[in-house]
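Each chain is listed here by its residues.
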Amino acid sequence: MTAPVFIANRPTLPRLLLLFWVAEIAVGLLFAAAGYDLIGPQENGGATVLILMGLVLTLAGLIMAAHCWRISRLSGNAIEMTETGLLDRRLSEHPIPWGALSWKVIFNGRSYALQMDVAEPARSAARITWSARALGLFSRLLRQPEFTIAALGTGFSAHDIGERMSAFKPSIG
């Protein structure tokens with residue numbers, strides 16, 4: 001029997017990043033408003049580009065702000081690993097059984113990330129947050145595992161968390 005692993009939440013950095021994402025939302029709205037003001041008979045597409053760019057910035061800011069907001073409000077442990085499964089409170093309030101998980105540490109060109117896929121019916125039962133599902137869409141577009149176990153706010157690296165998770169990997173056979 002593997003000893004439970006508890007990783008505390010350290011919300012200082014996510015709180016600072018929350019300010020950045022709120023600022024990005026504001027900039028995105030300003031771009032969209034500026035594009036809207038440019039719409040007229042002599043406009044040749046620049047307004048459309050500004051509006052679309054503003055909407056993309058706003059959407060990305062909303063998703064990331066929601067993610068950082070959840071992390072910054074969390075008290076207690078961010079991640080709990082027990083024999084019954086993985087509970088990452090930044091993704092879900094419900095533990096996910098180990099048998100439903102497949103994960104790997106990947107390098108995305110700038111940093112390492114611990115990413116995982118969750119099989120059904122555990123995926124539906126976990127009721128994963130909307131912001132994590134939205135981020136998962138981008139991961140799937142890049143042909144990577146859908147969900148990220150964020151190292152942000154834990155004091156651990158993706159490799160450290162993955163190593164701790166490996167102790168709980170179900171044995172085959």
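Scroll up for the structure.
Quick notes on the rules
- Here the residue numbers are simple positions, counted from 1 along each chain's written sequence.
- This being a predicted model, a pLDDT of at least 70 is required before a residue's local features are given, and a value of 80 or more before pairs of side-chain atoms are given or counted; all residues contribute to the totals for chains, interfaces and linings.
- Computation of side-chain values covers all heavy atoms of the structure but excludes hydrogens and water.
- A simple rule labels every residue: compare its accessible area, found with a 1.4 Å probe on the protein chains alone, to the largest value its type can have, and call it buried under 20%, exposed over 50%, or partly exposed in between.
- A run of H or I in DSSP counts as a helix once it spans at least four residues, and a run of E counts as a strand once it spans at least two, with each numbered from the N terminus.
- The reported arc concerns the directions from the helix axis to the C-beta atoms and nothing else.
- Whether two residues are in contact is decided by their heavy atoms, any of which lying within 4.5 Å being enough.
- Between any two strands, at least two bridges found by DSSP are needed for them to pair.
- Angles here are taken between N-to-C directions and fall from 0 to 180 degrees, while the axes themselves are lines fitted to C-alpha atoms, restricted in helices to the stretch in contact.
- The method works on a 1 Å grid over the protein atoms by themselves. A cavity is a set of points holding a 1.4 Å probe that cannot get out, a pocket is an open set with protein on both sides within 12 Å along at least five of seven lines, and residues with an atom within 4 Å of a point line them.
- Grid points are joined across faces, edges and corners, and a volume is the space filled by probe spheres set on the points.
- Put simply, Ala, Val, Leu, Ile, Met, Phe, Trp, Tyr, Cys and Pro go in the nonpolar bin, Asp, Glu, Lys and Arg in the charged bin, and everything else, Gly too, in the polar bin.
- Working rule for angles: under 35 degrees goes down as roughly parallel, over 145 as roughly antiparallel, 65 to 115 as roughly perpendicular, anything else as oblique.
- By convention, the crossing between two helices is left-handed when the near helix turns anticlockwise from the far helix through less than a right angle, and right-handed when the turn is clockwise.

Next up on the list: helix H5 (residues 158–166). Here H5 has its buried residues at Ala-158, Ile-161, Gly-162 and Met-165. Looking straight down H5, one finds its buried side chains confined to an arc of 100°; they lie on one side. Lining the buried residues of H5 we find strand S1 (5–8), strand S2 (77–82), strand S3 (85–88), strand S4 (101–107), strand S5 (112–118) and strand S6 (147–149).

To continue, consider the sheet that holds S6. Consider a sheet: its strands pair through backbone hydrogen bonds, and that pairing is either parallel or antiparallel. Overall, antiparallel pairing links the 3 strands, which are arranged S4-S5-S6 in an open sheet. Taken across any chain shown, the strands that pair with only one partner, and hence form the sheet edges, are S4 and S6. The mean inter-strand angle of the sheet, taken between neighbouring strand axes irrespective of direction, is 35°. Bridge analysis of S5 against S6 gives 3 bridges, and the strand direction is antiparallel. Looking at the pairing, Met-116 lines up with Phe-147 of S6. H5 rests against S4, S5 and S6 of the sheet, and its axis sits at about 40° to S5.

Quantified by volume, the largest pocket comes out at close to 970 Å³. In terms of lining residues, the largest pocket is bounded by 33 residues, among which Met-64, Asn-108, Ala-113, Leu-135 and Thr-148 are the most central. Residue assignment for the lining of the largest pocket shows that the elements contributing at least two residues are helix H1 (12–38), helix H2 (46–73), S5, helix H4 (130–141) and S6. Considered class by class, the residues forming the lining of the largest pocket number 22 nonpolar, 9 polar and 2 charged.

At a minimum axis separation of 7 Å, H1 and H2 run at an interaxial angle of 160°. The angle between the axes of H1 and H2 places the two elements in the roughly antiparallel class. The interaxial crossing formed by H1 with H2 has left-handed handedness.

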